Amino acid sequence: MSNIKLDFKNSKIVSRQIMKYAERVEEIHKELHEDAKDENKFVGWLELPSEYDKKEFEKIKKCAKKIRKDSEVLLVIGIGGSYLGARAVIESLTHTFYNALDKEQRKSPQILYAGNNISGAYLNDLMDLIGDKDLSINVISKSGTTTEPAIAFRIFREYLENKYGIKEARKRIYVTTDSEKGALKTLADTEKYETFVIPNNIGGRYSVLTAVGLLPIAVAGINIDDLMAGAKIAQDKYNDQNLKYNECYQYAVARNVLYSNYKNLEILVTYEPKMHYLIEWWKQLFGESEGKEGKGIFPAGAEFTTDLHSLGQYLQEGRKNIFETVINVVEPLSNLKIRADEDDLDGLNYLEGKTLDFINKKAMQGTIEAHVDGDVPNILINMDRLDAKTIGHLLYFFELACAVSGKILEVDPFNQPGVEKYKKNMFKLLKKAIY
Ligand code: PA5
């Protein structure tokens, strides 16, 4: 199975509070399903697992195969929704030290990232890391005008052209962008780069299951059929307008109930370090979708038990405006046992025969109890395991929950007008002609 099961027993809310939203949720359900048919609304992700472009999907697989064959590194250039989904899936599903492994162990190209900051040191260090290795680039930008990836692409395009010559470089550049507009589209057409289209009705942060996420994910050797199959399971499972039976909608509602009880900060917690970027992706999804018009739950992330030694004190005894959502991976990917030690100088023999997963889960249970006592309500998301199907399921679960939650909050979960403000100021300071 690739199931996800929610547990609200420590959420400090009762089903009566959730069910008060039943009618509103039904309306939202209908609205989303109607909007999914409208090319001008950003709800194309809703039916994507059943409606995706099969031809484009095969092209993704073909290009991924070529990149896996001719490249030791795939450089993914993009920012926000244009790279976080790919990184979330790749890092959740590959070896924790994937990029540091040697080629033979890794069996797939290193996946490196650029265009998500404007640091010269980062790009210089990246060039050092890439060195002589055979390289392909996947530059991803829906608008095709975003400054950070545009700068990185200009620099790495030149790097690639110097290394391979213009003709061969062209064969190593893969562009994922809008079907018609933007500087990146113009550049791709002029240079005849292999191009993938981001559907008009899917915004950046909802685009992980399009070529935006799928090409890098496939290059990393992850089965994208399984990923889509998992998302399809979720699409079918959460296609029930009845709040009573729909855990995805219950999560969306529970967040809003907590928000109306002055819990305006949600921490998404994992006990599995591989899921660091899954949390980064979730932060962007919910932050950009809900934080507007002076409203919204602030989405934060934490890795436990690591952050229990940094944030733990605050969570236990600090301001009481926080709730936690914990992702529990039920079946670990791999495990280790504590063995007996004759001298027991470290005092750990009481754990003899116990697995690390067992101990990690006890840490989780103990922490939930402590935080709930400290007035930090808890929502538990139990996911069967870390595999492509279950991650596909989880991605869809969060996308749908986010859209519904934003609509309950009465904001537009598909725009991000606030992001323009810093850009305008930056362009003014940089003396850009039009901004
Ligand atoms: O979710 C979004 O729409 C944004 O986070 C974008 O993904 C991000 O700003 C990058 O934009 P673009 O893909 O146009 O370069």
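Parameters and conventions
- Residues numbered from 1 in each chain as written.
- Predicted model: local features only at pLDDT ≥ 70, side-chain atom pairs only at ≥ 80, totals over all residues.
- Heavy atoms only, no water.
- Near = heavy atom within 4 Å.
- Polar contact = N/O pair within 3.5 Å; in protein donor to acceptor, adjacent residues only side chain to side chain.
- Areas by Shrake-Rupley, 256 points an atom, 1.4 Å probe, with all protein chains shown as cover.
- Nonpolar A, V, L, I, M, F, W, Y, C, P; charged D, E, K, R; others polar.
- Helix = DSSP H or I, 4+ residues; strand = E, 2+ residues; numbered from the N terminus.
- Buried < 20%, exposed > 50% of the residue type's maximum accessible area, 1.4 Å probe, protein only.
- Contact = heavy atoms within 4.5 Å.
- Pairing = 2+ DSSP bridges.
- Axes fitted to C-alpha atoms, helices over the stretch in contact; angles between N-to-C directions.
- Arc of directions from axis to C-beta.

**A short note on the site of the ligand**
No. 1: Surveying the vicinity of the ligand reveals 13 residues, the closest of which are Ser82, Ser141, Ser143, Thr146 and Gln284.
No. 2: Ser141 has a polar side-chain atom sitting 2.6 Å from an oxygen atom of the ligand.
No. 3: The contact in question runs from an oxygen atom of the ligand to an N or O atom on the side chain of Glu288, over 3.0 Å.
No. 4: Across the complex, the protein chains shield 89% of the 390 Å² of accessible surface that the ligand would expose by itself.
No. 5: When its residues are assigned to classes, the shell around the ligand shows one nonpolar, nine polar and three charged.

**Section: the side chain of Ser405**
No. 1: For Ser405, the position within the fold is in helix H17 (residues 388-408).
No. 2: Since its relative accessible area comes to 0%, Ser405 is described here as buried.
No. 3: Reaching out from Ser405, the side chain makes a polar contact with the side chain of Arg255 at a distance of 2.7 Å.
No. 4: Setting aside anything within four residues of it in sequence, one finds Ser405 in contact with Ala252, Arg255, Asn256 and Glu290.

**A word on the sheet that holds strand E8 (residues 298-303)**
Hydrogen bonds along the backbone pair up the strands of a sheet, which may run parallel or antiparallel.
No. 1: Read from one edge of the open sheet, five strands run E1-E10-E9-E7-E8, paired in mixed fashion. In this open sheet, the two strands that pair with only one neighbour each are strand E1 (4-7) and E8. With strand direction ignored, the average angle separating the axes of adjacent strands in the sheet is 20°.
No. 2: Where E1 lies against strand E10 (residues 378-385), four bridges are found, and the strand directions are antiparallel. Its bridge partner lying in E10, Asp7 is registered against Leu380.
No. 3: In the packing of helix H13 (residues 247-260) onto the sheet, contacts are made with E1, strand E7 (265-270), strand E9 (322-331) and E10, and the angle to E1 comes to roughly 30°.

**Digging into helix H7 (residues 120-130)**
No. 1: For H7, the complete set of buried residues consists of Leu123, Leu126 and Ile130. Looking straight down H7, one finds its buried side chains confined to an arc of 55°; they lie on one side.
No. 2: Its buried side turned inward, H7 meets strand E2 (73-77), strand E3 (110-114), strand E4 (135-141) and helix H8 (147-164).
No. 3: A distance of 3.3 Å separates the backbone nitrogen of Ala121 from a side-chain oxygen at the start of H7, and that oxygen is part of Ser119.

Nothing here speaks to function; it is geometry throughout.
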